[in-house]
Amino acid sequence: MKTKSFLAFVAPSVATMLLLIALPLVGVAYLSLHQSHVKTELVELTTEVPLIGGVTRKQTRVVPQSVLGEDGKPIQVWEFVGGRNLEKAAELNNLAKAFASPRGDPGEKTYLARLYREVTNYDFWSALEFTLLYTFLTTPAILVVGLALALAVNSVSKRLRGTLVFATLLPMIVTPVVSSLAIYWLFLDNAIITNFIEYLGLGKFYFLADKFTIRTLIILYGVWFAAPFAFIILYAGLQTMPRDPLESAMIDGANKWQRLRYVIVPHLTPLLTVITLIHVMDAYRVFEPILVFNADIFANSVQYLTYYTLAFENNIHKAAAYSILTIAGVILILVPVLRKSFREYRIST
Amino acid sequence: MTRLKLLAAAAAIFAAPAVASAECDIDASGEVNVITNFFETLELLSNVMKECESDELKIDVKLTTQHKEEREQAFAASSSPYDASAVANSSITMLQAKGQLMPLNDLVDKYRDEYNIEDQMLIRFGDEISAIAFMANAQHFYYRKDLFEKHGLEVPATYADLLEAAKVLQADESVDHPFGAAFGGPGNWERGNEFVNILLANGGELFDPLTSEPVFNGPQGVEALELMGELLNYMSPNALTHDFGQVRQQLQQGEIAMAIQWGDQAATMDNENESIVVGKVGFAPAPAMTDGGPPATTFWWDGYVIPKNLDGDPETAFQVIMHATRSEVVAANNDITLWVRSNYAPSEYSKAVIDSVMANAPPYPMNPQSELAHGAIGNNIGDFLGGLESAEQSLADAASDYRSAAIDAGLITE
């Protein structure tokens, strides 16, 4: 293809990507380097508010009020703060102090234990801890579960397959917030599962009471939610599996496991790489179960912090800084996978 | 049978505003867009607002629990797509401090007679009327009358009494836990709210009004937080993820014997479709921290504001708001909330709120600093309640987070 026609073909998608991906990213980076607020001064003011039944209460207090500019409008302060938002978001100052001398805690004796305790007390680092845990535990799990499902569906009779594929895809079709809520409701006090456990005579079990069970639930949810994605790609891959090598392997006396290990998995490797790549990106941005379980002392995520800062602190600049940190994290994790697939691509061409 | 009842209830809800409505005769054209939180009363008011729709006038009310993010951005923009919004004590403060709210004085004067606007509906900052309030609310104490009688308990006047009662109820097999309160909630707002309630009743303050520096981490704060830790011993182990909705269910399902809950939820205890403890739940003001002190609760109001930068006509928006909050709507829907208008007839469900007023419960502090401090507290005290660190440390972390947020908001200059 000529360079000119190549450019003409890719121009629309390049333009769309610049407009919808690159430009917002530049905007986020710009926001994260600034801070803005309305200029206020303290004014003594009497406020009057209703209580009930016509009773009101007056209070005189000192309240910040906007300072008006010459045009009669409140003065907007917009300042360049450089890396301050990033530094605050990642709590770098505290981190340095923690490394120098972590907080004394009577329960924890060693330096490392105390350091871990203090660092995971900081929003960003505790969020990062769980985000990484979630990413690195769900990724291998969905590959294994997805492959097992694909093999299972592939081995049943053709008539049943359509229904089975649809049923397996259900977790992926349900909106994540809705499915997170459904899981959460199953495990609340006196919910279906907790009641069932009690009915079995195993006593009352509180799933939302500690770090281990909450984290386990969220990770299991992640596997349940993302495994269908691995399944459908691997199932499609299995349809392209030629019969010849499988039959040769059988003639050579390979058992089921050996055929899987030495014939099927190598055939599916490129697909496994693609699934890993996409799932790592998705998993690193885990958000819905964190929001729904609302247990950020036990399980937090970097993406949730962006939302929290925007929604509850109403600080778009610091939220932008968290976004930048999320993007940086995704890129860092993806580099090894990308390098590997790039190397394979070079070998194959 | 149950389904029939549900249908009847649904029909009643839809029919209610229709009963109330004289037709809405606002002579205007264009659009009125409103954004509000999502709960029953606001849903009702939104339905009443829609009565004003005509060929010329389009009315759109967006009910969403994510109202805050959208409103903050809309009111700060050059032009707001929303012409009005519902706010409360806490959420109005930052908007008002930033000068984004339209003073409603002229509109109130013009329409005072037509809509019978009463003085107690007007939220004033100095001389400026910034919002029109329609309902009030406060959290108070809920308890199981039958269990209190069975064990010979009295309604606790202080939190020390409550802990004593909890010890007795701990042994009662008919409930899972003696006490319930919203110690979790979205963004940990409700956890922070419980701390603010107890802190203020304990004689503490959130911040120094002259410097905006945090003071909630003083001895009164530590006491308040340690009390929350003690209460947790009598609550569900899952309590750190519970919001007010779950506390209501725990009460309705007979899982807990005492709770702190919003006043406007009282009637739901006797809703046969949801509750198995109909007629068994009693209401009283929240316990105090000191003998004879104010109950550990704050007063809230909900009301409508109009931004300065709206893209529609403020007068039309104002009329739509006043149509939805007029006396007839209150009369036709008396029991769904605690209305501010004088024709509201208090019932047994609102008595505890009225008693809280009599016992001098304060309004929730209407300063923008409160909102920031509240958020920072909610976000940090979980570490103490979850057993990860000391109360002092949690509050010190909260104070440092609050300072950082206040600096970004331009309220503290370094």
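Residues numbered from 1 in each chain as written. Chains lettered and ligands numbered in written order. Predicted model: local features only at pLDDT ≥ 70, side-chain atom pairs only at ≥ 80, totals over all residues. Heavy atoms only, no water.

Our focus in this paragraph is the packing of aromatic side chains. Residue and element names in this part refer to chain A. Tallying each qualifying case throughout the model produces 30 aromatic pairs over all chains. Ring centres of Tyr 308 and Phe 312 lie 5.3 Å apart, and the angle between their planes is 20°; this geometry places the pair in the stacked category. Here Phe 312 falls in the partly exposed class, since its relative accessible area comes to 26%. Through pairs of rings, three or more aromatic residues link up here, namely Phe 287, Tyr 304, Tyr 307, Tyr 308 and Phe 312. (Phe/Tyr/Trp six-rings, centres within 6.5 Å; stacked < 30°, edge-to-face > 60°. Buried < 20%, exposed > 50% of the residue type's maximum accessible area, 1.4 Å probe, protein only.)

Listed per partner, the contact involves 59 residues of chain A and 68 residues of chain B. Summed over both partners, the interface of chain A with chain B comes to about 5,500 Å²; 50% of that surface belongs to carbon and sulfur atoms. The three residues of chain A that bury the most area against chain B are Pro 50, Ile 52 and Ile 297 of chain A, which together make up 12% of that side's buried surface. Applying the counting rule to chain A against chain B returns three salt bridges. (Contact = heavy atoms within 4.5 Å. Buried area = accessible area lost by both parts, 1.4 Å probe. Salt bridge = Lys/Arg side-chain N within 4 Å of Asp/Glu carboxyl O.)

It is worth spelling out a negative patch on the surface at this point. Together, Glu 23, Asp 25, Asp 27, Asp 55, Glu 56 and Glu 114 of chain B make up a negatively charged patch on the protein surface. Secondary-structure assignment places Asp 27 of chain B in the loop between helix 1 (2-20) and strand 1 (30-36). (Patch = residues over 30% accessible without salt bridge, like charges linked within 9 Å, V, L, I, M, F, W, Y side chains within 5 Å. Areas by Shrake-Rupley, 256 points an atom, 1.4 Å probe, with all protein chains shown as cover. Lys, Arg positive; Asp, Glu negative; His and termini not counted. Charge placed at Lys NZ, Arg CZ, Asp CG, Glu CD. Helix = DSSP H or I, 4+ residues; strand = E, 2+ residues; numbered from the N terminus.)

Looking now at the nonpolar core. Within soluble globular proteins, side chains that are nonpolar generally end up buried alongside one another. All names here are of chain B. Counting 107 residues, the largest nonpolar core has Phe 195, Phe 216 and Met 258 as the members making the most contacts within it. The dominant element in this core, judged by the number of residues it contributes, is helix 16 (residues 391-408), at eight residues. With sequence-adjacent residues up to four places away left out, Phe 216 is seen in contact with Phe 195, Leu 199, Glu 205, Leu 206, Gly 221, Ala 373, Ile 377, Leu 395, Ala 398, Ala 399 and Tyr 402. If you look at the next biggest cluster of nonpolar residues, it comprises 70 residues, including Leu 44, Leu 104, Ala 361 and Met 366. (Core = buried A, V, L, I, M, F, W, Y, C linked by side-chain atoms within 4.5 Å.)

This part covers the domain arrangement of chain B. Residues and elements named next belong to chain B. Each assigned domain of chain B is listed here: domain 1 (2-136 + 300-339) and domain 2 (138-299 + 359-408). Here domain 1 and domain 2 have C-alpha centroids that lie 30 Å from each other. Contacts between the two partners involve 18 residues from domain 1, matched on the other side by 16 residues from domain 2. Counting the surface lost from both domain 1 and domain 2, the interface buries some 1,500 Å², and carbon and sulfur atoms represent 61% of this. (Domains from an automatic or database assignment.)

Moving on, we come to the packing of helix 5 (residues 123-155) of chain A against helix 11 (residues 256-284) of chain A. Residue and element names in this part refer to chain A. Contact geometry for helix 5 and helix 11: axes closest at 10 Å, N-to-C directions at 145°. Judged by the sense of rotation from one axis to the other, the crossing of helix 5 with helix 11 is right-handed. Contacts between helix 5 and helix 11 involve Leu 128, Thr 131, Leu 132, Tyr 134, Thr 135, Thr 138, Thr 139, Ile 142, Leu 143, Leu 147 and Leu 151 from the former and Leu 260, Ile 264, Val 265, Leu 268, Leu 272, Ile 275, Thr 276, His 279, Val 280, Ala 283 and Tyr 284 from the latter. A class-by-class count of the residues in the contact of helix 5 with helix 11 yields 16 nonpolar, six polar and no charged. (Axes fitted to C-alpha atoms, helices over the stretch in contact; angles between N-to-C directions. Left-handed = near helix turned anticlockwise from the far one by under 90°. Nonpolar A, V, L, I, M, F, W, Y, C, P; charged D, E, K, R; others polar.)

Turning next to the side chain of Ser 130 of chain B. Here Ser 130 of chain B lies in strand 5 (residues 128-144). The exposure class assigned to Ser 130 of chain B is buried, which follows from its relative accessible area of 1%.

With that settled, consider the pattern of salt bridges. All names here are of chain B. By the definition in use, this model includes 21 salt bridges over all chains. Here Lys 68 and Glu 371 are joined by a salt bridge, their closest N and O atoms 3.5 Å apart. Of this pair, Lys 68 sits in helix 3 (residues 67-76) while Glu 371 sits in helix 14 (residues 368-380), and the two are 303 residues apart along the sequence. The pair formed by Lys 68 and Glu 371 is uniform in burial state, with each residue classed as buried.

Each assigned domain of chain A is listed with its residue range as follows: domain 1 (91-121) and domain 2 (127-348). Summarising the inter-unit geometry, the C-alpha centres of domain 1 of chain A and domain 2 of chain A are found 32 Å apart.

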